[in-house]
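These are the residues of each chain, in order.
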Amino acid sequence: MVGYRMTKTQFGQYLEHLKARYVLFAPVVLQGKGSFTDTDSLRYQEVSTLQEIEFKQKSHFSAREVLLPITQTLFYFTEDHWLEPKVEDKKILLFVRSCDIHAVKRLDEIYLRNGREDRYYKAMREKIHFCLMECSASFPNCFCVSMNTNHTTDYDWFIRPEDETVVIGAKHEDFAGYSGETVIVEPQFVTSNETQLAVPEQLPASIVTAGMWQEYSSRCIGCGRCSFVCPTCTCFSMQDIFYQDNANAGERRRVWASCMVDGFTDMAGGHAFRKSQADRMRFRVMHKFYDYKKRFGYHMCVGCGRCDDICPEYISTANCVNKINTYSKEAGQ
Ligand code: SF4
Ligand code: SF4
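Throughout what follows, the structure given in this document is the object of discussion. (Residues numbered from 1 in each chain as written. Chains lettered and ligands numbered in written order. Predicted model: local features only at pLDDT ≥ 70, side-chain atom pairs only at ≥ 80, totals over all residues. Heavy atoms only, no water.)

**Regarding the site of ligand 2**
Okay, step 1: In the vicinity of ligand 2, the residues found are C220, I221, G222, C223, G224, R225, C226, M260, C311, P312, E313 and I315.
Okay, step 2: Here the residues of the shell around ligand 2 sort into eight nonpolar, two polar and two charged. (Near = heavy atom within 4 Å. Nonpolar A, V, L, I, M, F, W, Y, C, P; charged D, E, K, R; others polar.)

**Comments concerning the pairing of strand 12 (residues 246–256)**
Okay, step 1: Across six bridges, the pairing between strand 4 (residues 71–77) and strand 12 is antiparallel. Counterpart to F77 in the pairing with strand 12 is G250.
Okay, step 2: Sheet analysis places strand 11 (residues 236–243) next to strand 12, joined by eight bridges and oriented antiparallel. Across the sheet, Q239 pairs through a bridge with R253, a residue of strand 12.
Okay, step 3: As consecutive antiparallel partners, strand 11 and strand 12 are separated by two residues. (Pairing = 2+ DSSP bridges. Helix = DSSP H or I, 4+ residues; strand = E, 2+ residues; numbered from the N terminus.)

**Regarding the side chain of T152**
Okay, step 1: With respect to the helices, strands and loops of the structure, T152 is situated in the loop between helix 5 (144–147) and strand 8 (157–161).
Okay, step 2: Accessibility expressed as a relative area gives 6% for T152, which makes it buried.
Okay, step 3: For T152, the residues in contact, after removing those within four places along its chain, are S98, I101, H102, L132 and F189. (Buried < 20%, exposed > 50% of the residue type's maximum accessible area, 1.4 Å probe, protein only. Contact = heavy atoms within 4.5 Å.)

**Quick look at the nonpolar core**
Okay, step 1: In terms of nonpolar packing, the biggest core is built from 30 residues, with L94, Y121 and F130 touching the most fellow members.
Okay, step 2: If you list the elements that add at least two residues to this core, you get strand 2 (22–30), helix 2 (64–67), strand 6 (91–96), helix 3 (98–112), helix 4 (119–125) and strand 7 (128–133).
Okay, step 3: One finds M147, C220, M260 and M286 within the second-largest nonpolar core, a separate group that totals 26 residues. (Core = buried A, V, L, I, M, F, W, Y, C linked by side-chain atoms within 4.5 Å.)

**Things to note about the packing of helix 8 (residues 277–296) against helix 10 (residues 317–330)**
Okay, step 1: Following both chains from N to C, one finds helix 8 and helix 10 inclined at 80°, their axes separated by 11 Å at the closest point. By the criterion of interaxial angle, the relationship of helix 8 to helix 10 is roughly perpendicular. Across the interface between the two elements, M281, R284, V285 and F289 of helix 8 pack against T317, C320, V321 and I324 of helix 10.
Okay, step 2: Grouping the constituent residues of the contact of helix 8 with helix 10 by class yields six nonpolar, one polar and one charged. (Axes fitted to C-alpha atoms, helices over the stretch in contact; angles between N-to-C directions. Parallel < 35°, antiparallel > 145°, perpendicular 65-115°, else oblique.)

**Observations concerning the pattern of salt bridges**
Okay, step 1: This structure, assessed with the given rule, holds 20 salt bridges.
Okay, step 2: Here R5 ties to E162 by a salt bridge, and the two come within 3.1 Å at their closest N and O atoms. Taken together, the positions of R5 in strand 1 (residues 2–7) and E162 in the loop between strand 8 and strand 9 (165–170) put the pair 157 residues apart, joining distant regions of the chain.
Okay, step 3: Owing to a relative accessible area of 28%, R5 belongs among the partly exposed residues under this scheme.
Okay, step 4: Each of R21, K91 and D174 takes part in a single network of salt bridges with overlapping partners. (Salt bridge = Lys/Arg side-chain N within 4 Å of Asp/Glu carboxyl O.)

**Regarding the packing of aromatic side chains**
Okay, step 1: All told, the structure shown has 16 aromatic pairs when counted by the stated rule.
Okay, step 2: Taken together, a centroid distance of 5.0 Å and an interplanar angle of 20° make the contact between Y111 and Y121 stacked. With Y111 in helix 3 and Y121 in helix 4, the pair connects residues that are ten residues apart, well separated along the chain. Taken as a pair, Y111 and Y121 share a single burial class, namely buried.
Okay, step 3: Here the aromatic residues F11, Y14, Y22, F95, W157 and F175 are joined through ring pairs into a cluster of three or more.
Okay, step 4: Residue placement shows R254 over the ring face of F236; its charged tip is 4.7 Å from the ring centre.
Okay, step 5: In this arrangement the basic side chain of R274 is found over the ring face of F283, its NZ or CZ atom lying 3.6 Å from the centre. (Phe/Tyr/Trp six-rings, centres within 6.5 Å; stacked < 30°, edge-to-face > 60°. Lys NZ or Arg CZ within 6 Å of the ring centre and 35° of its normal.)

Written out as structure tokens, the structure is:
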């Protein structure tokens, strides 16, 4: 495709031009904001310069936090009125890697093609454009090649920062360069990962009660971090917040939830569908690698490996799937 090699000054001017029409979100390093002392957090934030964008590491959270905020106010209410928050008119430009673009397709299935459309998600989704961030080499725990998400054509332009220059490739005319040397470029994608998965096509019904799940009851602490960093998790809880200075006014919010956390399946009357961490792990893994596929025809997991990166108990979802595969083979499937 036609591309441009720009100096960093030229690229800065290019971003300024884009910022007139787009709000830019990209992974940035938040120094000292990690879960442990002296660790950083890599999260999606609004950016305005090339220097703010973190290209060398995989972000801890995915771009899901832009499309589907962790806490989102759906409407404000008083006794007899309600009002939805204003939606910003500007389009959004997301800097994302191939696996995360595939993840947005999964979010679209759940929020737009799974019965009634979610209009809050739709309003945000219609504004989104993708700038592909190349992965020239795999990061630890990534298994996108096994999930077939290492490659994509679903982006508007891509970016390749070099030592002194920046190369961009513009698929969409909106993102054509305005200065710089014209070049012919194609994005690079990883072709192998150290972590490989064998996902079984068929599962025996006995997998539900298999002994392999019990180890998760003793190891998993139910913190939910694996769900919160997952780019394809879609569950939330609802909260009505009443203001302290007027108990008849407030707002309704939806807040990310996790099937790994205590209380997620609690029902009125005290029943809970999945009380043990073994049951919760089985549900999460089967949802990502089996149930979703039955409905939509392909796996929900995109292989970003963030669940394995973040688990404080060193539980690996990738290993779990490989164990399911072994179990399935031994059961003659
Ligand atoms: S899973 Fe693949 S596409 Fe995603 S960050 Fe890792 S190497 Fe890049
Ligand atoms: S698998 Fe790990 S990250 Fe997920 S809930 Fe259990 S301890 Fe937390």
